[in-house]
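Structural description and commentary
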Amino acid sequence: MSYKEKSFIYWFAFIAASLIIASSMGIMTMYRNIAVMAEKQNNNNIRVTELYNYHNKDVELIRQDIRDIRNDQKEIKQDIKIILQKVRPG
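In this text the structure is predicted, and so the values were computed from the model without any measurement.

Negative charge collects at one region of the surface, where Asp 65, Asp 68, Asp 72, Glu 75 and Asp 79 lie side by side. Note that Asp 72 resides in helix H1 (residues 3–87).

Within this structure, the stated rule accounts for 2 salt bridges. One salt bridge in this structure joins Arg 47 and Glu 50, with 3.9 Å as the shortest N-O distance. You can see Arg 47 and its partner Glu 50 sitting in helix H1, 3 residues apart, about one turn around the helix. Note on Arg 47: relative accessible area 47%, which makes it partly exposed. Given the relative accessible area of 45%, Glu 50 is considered partly exposed. We note a salt bridge from Arg 67 to Glu 60, for which the minimum N-O separation is 3.8 Å. Take Arg 67: its relative accessible area is 39%, and that puts it in the partly exposed class.

Calculation notes
- Residues numbered from 1 in each chain as written.
- Predicted model: local features only at pLDDT ≥ 70, side-chain atom pairs only at ≥ 80, totals over all residues.
- Heavy atoms only, no water.
- Patch = residues over 30% accessible without salt bridge, like charges linked within 9 Å, V, L, I, M, F, W, Y side chains within 5 Å.
- Areas by Shrake-Rupley, 256 points an atom, 1.4 Å probe, with all protein chains shown as cover.
- Salt bridge = Lys/Arg side-chain N within 4 Å of Asp/Glu carboxyl O.
- Lys, Arg positive; Asp, Glu negative; His and termini not counted.
- Charge placed at Lys NZ, Arg CZ, Asp CG, Glu CD.
- Helix = DSSP H or I, 4+ residues; strand = E, 2+ residues; numbered from the N terminus.
- Buried < 20%, exposed > 50% of the residue type's maximum accessible area, 1.4 Å probe, protein only.

Below, the structure written as structure tokens:
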């Protein structure tokens with residue numbers, strides 16, 4: 001084997017090894033990033049679920065407050081009727 005052939009084989013082997021190492025590093029980085037993204041997505045899903053549950057509790061509290069206000073309005077209306085009957089008999 002001549003010197004040129006030997007240097008070409010070394011050159012080719014160096015390029016092939018560099019490509020294999022670079023692709024291996026790229027694949028490991030990709031898998032690591034996928035794991036990080038999956039963890040972030042899981043945390044976001046948990047956060048969205050917590051916010052949804054919290055929102056539902058808030059909505060229920062607001063609905064209960066509206067019911068209480070309506071009941072209070074009915075009581076006030078009855079009290080006003082009684083007061084008007086006492087002020088204006090007849």
